[in-house]
Amino acid sequence: MQIIVAKSAGFCFGVDKAVKTVYDHISDQPLYTYGPIIHNPQVVKDLENKGVRVVNHIDELEQAEKGNMIIRSHGVGEDVYQALEKERFHIIDATCPYVKKIHRIINEFSKKGDTIIIVGDANHPEIIGIEGWSTVKPFIVSTKEEAKNLDIPMDKRLCIIAQTTFNPIKFKEIIEIFVHKGYHVDIKNTICTATKERQEEATQLAKKADRMIVIGGKNSSNTRKLYQLCKNQCDKTYHIETIEDLELLKVGNDEVIGITAGASTPKNIIQEVITHVRSTEF
Ligand code: SF4
């Protein structure tokens, strides 16, 4: 059997930095993260066992014991920083610099009077955080249909940005709708190349693999996207969180097994899967 592991599998730069930040501050208790640090239940459980608590909403701050609060890589809105300062939490900011850049763009262009269009998933924490830096209510779209149906006066100048993990082709198609309508647009391509590179490498790997294993949390949107891209190329594609999900897999000795992992998957889980797959050869 040949096992090929994607070079881009696992933590991206921003997630790696955020997770390291939490482990580096383990002794600085009380220690909180604002939302689970990553979409990976095993890592979140490990941190919980080490005393790290999760706060999910500013309403919880008043009652909580005061301490250190880590902002995860997704970032948060300005209102959250204000609430943390008001409640005298010490902020340790692990927002990914690429997300921070979007906060600055949104803030600057909304202050200049632009209408803000955010292309992404309205329920994703990154988008909720980005929204919180706009001085005007932004429009959030994720499909061409939603973009077509937006009714914005033609004299408005539009600032269009993307969720860092948004599909670049779909982003381009959505921009073309606004350009075609005749708006004056400021386009900010804020899609992170880490995601693009991971997706491209996974697609290429899936093309030559007999089986493809995608490791990552079931609630991780970037892992689900990765799974779908691989599934399009390789019918035998499996989305797993840990080796437990691979129990029934039996692999022939002439098969090529591709392995990739979402941005929230730690190296040790990838290594466990590699070891387990080797042991299933018959
Ligand atoms: S995917 Fe890109 S933008 Fe998002 S946390 Fe990772 S490095 Fe930062």
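Conventions used here
Residues numbered from 1 in each chain as written. Predicted model: local features only at pLDDT ≥ 70, side-chain atom pairs only at ≥ 80, totals over all residues. Heavy atoms only, no water. Pairing = 2+ DSSP bridges. Helix = DSSP H or I, 4+ residues; strand = E, 2+ residues; numbered from the N terminus. Axes fitted to C-alpha atoms, helices over the stretch in contact; angles between N-to-C directions. Contact = heavy atoms within 4.5 Å. Buried < 20%, exposed > 50% of the residue type's maximum accessible area, 1.4 Å probe, protein only. Arc of directions from axis to C-beta. UniProt positions renumbered as here; feature names shortened; annotations may be inferred. 1 Å grid on protein atoms, 1.4 Å probe; cavity = no way out; pocket = protein on both sides within 12 Å on 5 of 7 lines; lining within 4 Å. Near = heavy atom within 4 Å. Sits in = over half its atoms within 2 Å of the grid points. Nonpolar A, V, L, I, M, F, W, Y, C, P; charged D, E, K, R; others polar. Domains from an automatic or database assignment. Buried area = accessible area lost by both parts, 1.4 Å probe. Polar contact = N/O pair within 3.5 Å; in protein donor to acceptor, adjacent residues only side chain to side chain. Parallel < 35°, antiparallel > 145°, perpendicular 65-115°, else oblique. Left-handed = near helix turned anticlockwise from the far one by under 90°.

A few points about the sheet that holds strand S8 (residues 157-162)
The strand order S7-S6-S8-S9 describes an open sheet built from four strands, whose pairing is parallel. Two strands in the sheet have a free side with no partner beyond their single neighbour: strand S7 (139-141) and strand S9 (184-188). The mean angle between the axes of side-by-side strands here comes to 25°, regardless of whether they run parallel or antiparallel. Sheet topology note: the S8/S9 ladder contains five bridges and is parallel. Among the inter-strand pairings, Ile-161 is bridged to a residue of S9, identified as Lys-188. Across the sheet, helix H4 (residues 97-111) touches strand S6 (115-119), S8 and S9, and the angle it forms with S8 is around 170°. Where helix H7 (residues 168-181) meets the sheet, its contacts fall on S6, S7, S8 and S9, and the angle it forms with S8 comes to roughly 175°.

A few points about helix H3 (residues 78-86)
Listed as buried for H3 are Val-80, Tyr-81, Ala-83 and Leu-84. Seen end-on, H3 carries its buried residues on one side only, within an arc spanning 165°. Opposite the packed face of H3, turned more than 90 degrees from it, sit the exposed residues Glu-85 and Lys-86. Of the residues one or two after H3, Arg-88 is the one with positive phi, at around 60°.

Some details on the UniProt feature "binding site: dimethylallyl diphosphate" (unreviewed entry) in the protein
Here the UniProt-annotated "binding site: dimethylallyl diphosphate" (unreviewed entry) positions come out as His-39, His-74, His-124, Ser-220, Ser-221, Asn-222 and Ser-264. Checking the annotated residues one by one, the ones that line the largest pocket turn out to be His-39, His-74, His-124, Ser-220, Ser-221, Asn-222 and Ser-264. Tracing the backbone shows His-74 in the loop between strand S4 (68-71) and H3. Classification of His-74 by relative accessible area gives buried; the value is 16%.

A short note on the site of the ligand
Within the structure, the ligand sits among Cys-12, Gly-14, Cys-96, Tyr-98, Thr-164, Cys-192 and Thr-195. Under a 2 Å grid-point criterion requiring more than half of the atoms, the pocket assigned to the ligand is the largest pocket. A breakdown of the residues in the shell around the ligand according to their chemical character gives four nonpolar, three polar and no charged.

Remarks on the domain arrangement of the protein
Assigned domains within the protein: domain 1 (2-9 + 194-279), domain 2 (13-96) and domain 3 (98-191). Inter-centroid distance (C-alpha atoms) of domain 1 to domain 2 is 29 Å. Summed over both partners, the interface of domain 1 with domain 2 comes to about 650 Å²; 54% of that surface belongs to carbon and sulfur atoms. Among the residues of domain 1 in contact with domain 2, Asn-219, Glu-241 and Ser-264 are the three that bury the most area, contributing 49% of the side total. At the boundary of domain 1 with domain 2, the tally comes to one residue pair in polar contact (both at pLDDT 80 or more). Partitioned by chemical class, the residues of the side of domain 1 that touches domain 2 number three nonpolar, six polar and one charged.

Concerning the packing of helix H8 (residues 193-208) against helix H9 (residues 221-233)
As a packed pair, H8 and H9 sit with axes 8 Å apart at the nearest point and diverge in direction by 30°. Between H8 and H9, the angle is such that the two are roughly parallel. Considering the relative orientation of H8 and H9, their crossing is right-handed. Where H8 approaches H9, its residues Arg-198, Gln-199, Ala-202, Thr-203, Ala-206 and Lys-207 are matched on the opposing element by Asn-222, Lys-225, Leu-226, Leu-229, Cys-230 and Gln-233. Along the lines of polarity and charge, the residues of the contact of H8 with H9 split into five nonpolar, four polar and three charged.

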